Amino acid sequence: VKARSWRPCKVVERKAEDDTYTLKWADTHETETLPRLAVMFLGEDPFVFAKRVSRALQARDSTLQGLMYNLYIDSMPVEGVPMLAPEQLNRVMTLALNTKLVRQKSIDTTGIIDELNFEYSRTMNRIVFDKELDAARDNEMMKGIVAPPKLADSVRLRESGVVADVPPHDWAQQYCLFNFNSFLTKGELISCIVKTKAENQRIMGMSLFAPHPTKTTKPDEFEHMESQAIVQTAVYLKETWLTSLKNSLRNGLKDVGKGWFNLNETKREVYDISKLKKFMTMINFMMQDTLRFLTEESMRSYAGFICGAVKYKVTIEDIGKVENVRLEADSKLKWPLFKLELILNSDGTVDIGSNSVPIPFVQFVEMPLAQFDKALASVSDIPELEPLVVDQIFWSSKPILASVHPADPLAKSLREKMKMALEDALVPMRDYIERFKEFQDILNTVPEDYVAQFMTESVTAADLHKKLASLIDLKAGVEDRIPISMQVGAFELSLDSIRTALQGRYQALVTLFLSEVASKTKARCDDLTKKSEASIKVLRAPCDNIEAVTELKEYMSELPEMVRELDGEISNILKNYELLDEYRYEYAKDDTKRRWNTYSQLLRISQSVDYAHLAMRSDKDKFEAELVEAQDEFAGELASLMTVVNNFSKYSDLSKTKEIAENVAGINEKLKNCVANAQLMNSRELQLERAPTDFNAPPHDLAKIQKIFEPFSQFWMAAAEWSTCHATWMDGTFTNLDPEEVDKTCNNCFRTVFKSVKAFEGKIPELAASALALKTDIDGFREYAPLVQALRQPGMRDRHWGSLTEQLGFTVRPDDKFTLRKGLEELHLDTHLDQIVKICDVAGKEFGIEAALNKMEFEWKE
């Protein structure tokens, strides 16, 4: 034994599994682990501690010597050693099979006989070895070997059932003492104990939890099953068990009567010193032992089941390829513990759950642990049996049977073990769920937006075919890659929701693409048909004139390019229809009609072109004849117009200005139409490939007619304008006059009349005199133009009108009734022109300054 010294220390931890103590030395503060035999507590007796150490060392030496002794005997050969005689074996077997029940069973005695022969041979070897050991004490090989003490030396064998060496004693006194202290003196009590033990044995065979499931269950089903089992067991313990024990005890002790076991005792102090109290205390301990055994076994079984059911080595290669290796080969559950389903959220993420309800990962840890805690809580309030049996005494409180507390080491260790196992089981599940993030984009995709983004004007049928093939392949890939269900460690996960959702999403995209192709193809067919119908309508429309023929000819020259575009468009449309046919798209009946109608448009255009060529040849001959006839009529019209113009010099009476001006306007309109007709006929001649006619040369002389009539037109139109404006200026409301317009009209009319005087002078005397008279009239009114401009100055304010009234000596303030004629004839304003102009000029300058300031202020505000 290694020498040690006494050192003070402090116990930090005790390990129950190997009964060792972790110590911290008081001097060095270092830690060391020692067995219980090397640790003496201050409350222990040193002599008792020393004896315990001495006995331990002696026991170890004795054990080592016994092991050495038996090793020598076991190493001796048994070959050649005599065995039991057949008569001896028969006698032994007869004694062993001496009961009827054993004889009825077919027991194979070969193994028993071999064992007896082996033990007999070993005994013979031991006898030989003991003789050699006694005779060869000086043998080096035998040193250190000590034979165990013989049975005759340590224990005297009894020849009968009576112990012969009992010291003398007073048997009657000993019996009375035993009878006084023990309550096992009545058969009724022993019978009650037997019944109590039988009932407790039945309880110990129960479990707080439900029988372990042999198949995969949903979490809610597992929770319901365990909760129901816990409640049923708790009810059984609190009602059936207590009631059964109470009835058993009361019925068993009802006939004992008064004395030590009086069930009807009413005094508490008498009851406390009675044997019934001791008996009930023992019953209470038995019930507590039963309850603790039941709880601990249930906890171990439940924890073992949970830990064994969730311990897997999981290797995840892909969504559809997961390898599960059970680490607890002896687990009773051969299938995954929980059956779950993958739940698809609206944002494209996935969760695990059951019955379409998501379940947080932490709940898979908390739910089994909650059942564990619930089971402990269910047995924590079971009342003791004593108040129910001895019911004539007042009990101030209802004592509770001691049970396993959640803080007990066993409960804590099992709970922690389950928690770690469940958390470890969730690690591969989290990893597996992460694999579905790759589908989040497609699940979040809005099919309409996805299709609209792809379906641009530049997309061809080949692009669509490639896209649809890709979507079909992705859909097939989902079916191949994602199984209907998958085991991930302790969980069987249904993937049907994500599988169906992905397949549905890809199918929806394919369907939407086909619908979009069909819709766009339909619209393109309709647009193409409209273009084609418009072309056919143009080609088949009747021509009313040669211009229409020319336009049709020009249109037909551009038609080949349009037909090439239509041909390419029709080709693309037909490719779209072939694409729809390939993917078996079901379109309406009118789409079939639209398809073949589109296909026939080029043929219809070609037929319409042929029709147009025939119609143009016929129309050209007709329109050429009509042109010749129209030119003859136009020549007569020009001759008649020349006669009217040549006779227009006879009009000179200014009093008939209005009628003459209307006649002039009519002639001007005719000349204008003649010029337009001349241009139209020249245009048609070019279109009919004829030499153009010069309508300005004889015999038509259109330009000559215009030149002759121009002086008459200018004079009489100016005269009519002056007559109308002069009356308005003189007798109209003065406040409505525009001074700038008055001055402009006066100057224009004066210039025109002045030219007319020069043109008519010496050629048409009467008309020249009329023009001169009109010139004199206009020139006389021009003297009043400064007066109109001054009085209609926009800057005139009240102060200016007041100043003007003060200087002139009479009131001057034009209103709605004031006219220019009144100002000239009644007020004689023309005689005060200088004063009026001077004041009005000041008003105009002030108005200009005011307007400039207002503009500056407005610009500053902006």
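Rules used in this analysis
- Residues numbered from 1 in each chain as written.
- Predicted model: local features only at pLDDT ≥ 70, side-chain atom pairs only at ≥ 80, totals over all residues.
- Heavy atoms only, no water.
- Pairing = 2+ DSSP bridges.
- Helix = DSSP H or I, 4+ residues; strand = E, 2+ residues; numbered from the N terminus.
- Contact = heavy atoms within 4.5 Å.
- Axes fitted to C-alpha atoms, helices over the stretch in contact; angles between N-to-C directions.
- Buried < 20%, exposed > 50% of the residue type's maximum accessible area, 1.4 Å probe, protein only.
- Patch = residues over 30% accessible without salt bridge, like charges linked within 9 Å, V, L, I, M, F, W, Y side chains within 5 Å.
- Areas by Shrake-Rupley, 256 points an atom, 1.4 Å probe, with all protein chains shown as cover.
- Salt bridge = Lys/Arg side-chain N within 4 Å of Asp/Glu carboxyl O.
- Core = buried A, V, L, I, M, F, W, Y, C linked by side-chain atoms within 4.5 Å.
- Parallel < 35°, antiparallel > 145°, perpendicular 65-115°, else oblique.
- Nonpolar A, V, L, I, M, F, W, Y, C, P; charged D, E, K, R; others polar.
- pLDDT = per-residue confidence, 0-100.

Student: What is the right way to read the sheet that holds strand β7 (residues 350–354) from this model?
Tutor: Neighbouring strands of a sheet are bound in pairs by backbone hydrogen bonds; such pairs are parallel or else antiparallel. If you walk across this open sheet you meet the five strands as β8-β7-β6-β10-β9, and the pairing is mixed. The sheet is open, and its two borders are formed by β8 (357–358) and β9 (485–488), each paired with just one other strand. The pairing of strand β6 (residues 338–344) with strand β10 (residues 491–494) spans four bridges and is classified as parallel. Across the sheet, the residue bridging to L340 is L493, located in β10. Of the strands in this sheet, β6 and β7 touch helix α8 (residues 219–253), which is tilted by about 140° from β6. Where helix α17 (residues 496–540) meets the sheet, it contacts β6, β7 and β10, and its direction lies at approximately 25° from that of β6.

Student: Just checking my understanding: could you explain the pairing of β9 for this structure?
Tutor: It is a general feature of regular strands that their side chains alternate between the two faces of the sheet. Only one face of β9 is buried: it carries M486 and V488, and the other face, with S485 and Q487, is open. Hairpin geometry of β9 and β10 is characterised by an intervening segment of two residues between the two adjacent antiparallel strands and by a positive phi of about 65° at G489.

Student: Just checking my understanding: could you explain unusual backbone geometry for this structure?
Tutor: Working note: non-glycine residues mostly have negative phi, and peptide bonds are mostly trans. Even without being a glycine, N355 presents a positive backbone phi close to 55°. Examined against the element boundaries, N355 turns out to sit in the loop between β7 and β8. Here N355 falls in the partly exposed class, since its relative accessible area comes to 39%. In this model, S356 sits at a positive phi of 65°, which is unusual for a non-glycine residue.

Student: I tried to follow a nonpolar patch on the surface on my own but got confused; where do I start?
Tutor: On the surface, a nonpolar cluster with roughly 490 Å² of combined accessible area is contributed by I849, L853, M856 and W860. Within the secondary structure, L853 is located in helix α28 (residues 833–861).

Student: How do you make sense of the side chain of E386 when you look at a structure like this?
Tutor: Structurally, E386 is set in helix α12 (residues 386–389). If sequence neighbours within four positions are ignored, E386 has contacts with Y271, K277, M280 and W395.

Student: What exactly am I supposed to notice about the pattern of salt bridges here?
Tutor: A side chain of one charge can pair with a side chain of the opposite charge if their charged atoms are brought near each other. Tallying each qualifying case throughout the model produces 24 salt bridges. Where K321 meets E317, a salt bridge forms, and the shortest distance between an N and an O atom there is 3.3 Å. Assessed through its relative accessible area of 52%, K321 is described here as exposed. Note on E317: relative accessible area 49%, which makes it partly exposed. For K861, the salt bridge is made with E857, and the minimal N-O distance between the two is 3.6 Å. In this pair, K861 and E857 both sit in helix α28, four residues apart, roughly one turn of the helix. Each of R292, E296, E297, R300 and D408 takes part in one network of salt bridges that share partners.

Student: Honestly, the nonpolar core in this entry has me stumped. Any pointers?
Tutor: The nonpolar side chains of a soluble globular protein tend to be buried, and buried together. Core analysis: the largest hydrophobic core is formed by 180 residues, its most contacted members being F279, L337, Y432, F436 and L495. Among the elements that take part in this core, helix α10 (residues 275–310) stands out by supplying 16 residues, more than any other. Once you skip the residues sitting within four places of it in the chain, F436 turns out to touch I319, L342, V350, I482, L495 and I498. I73, L133, M142 and I145 belong to the second largest nonpolar core, which has six residues in total.

Student: Looking at this structure, I do not really get the packing of helix α19 (residues 589–599) against helix α20 (residues 601–646). What am I missing?
Tutor: The relative placement of two packed helices comes down to the angle between their axes together with the axis-to-axis distance. Interaxial distance between α19 and α20 falls to 4 Å at its minimum, and their mutual angle equals 40°. Between α19 and α20, the interaxial angle falls into the category oblique. Residues N597, T598 and Y599 of α19 touch α20, and the partners they reach there are Q601, L602 and R604. Of the residues that constitute the contact of α19 with α20, the class distribution is two nonpolar, three polar and one charged.

Student: Even after reading the chapter, I still don't get the confidence of the model for the protein, so can you show me in this structure?
Tutor: Where the model shows low pLDDT, its predicted coordinates should not be examined in detail. When pLDDT is averaged across the protein, the result is 81; 95% of the residues are at 70 or more. Predicted confidence in the protein is weakest over helix α5 (residues 151–154), with a mean pLDDT of 49, and strongest over strand β2 (residues 20–25), with 93.

Student: Mind showing me how you'd approach the sheet that holds β2 here?
Tutor: Read from one edge of the open sheet, three strands run β1-β2-β3, paired in antiparallel fashion. The sheet terminates laterally at β1 (9–15) and β3 (31–35), the two strands that pair on one side only. Neighbour-to-neighbour, the strand axes of the sheet open up by a mean angle of 30°, direction not taken into account. Where β1 meets β2, six bridges bridge the pair, whose relative direction is antiparallel. Residue V11 lies in a different strand from β2, and its bridge partner there is L23.

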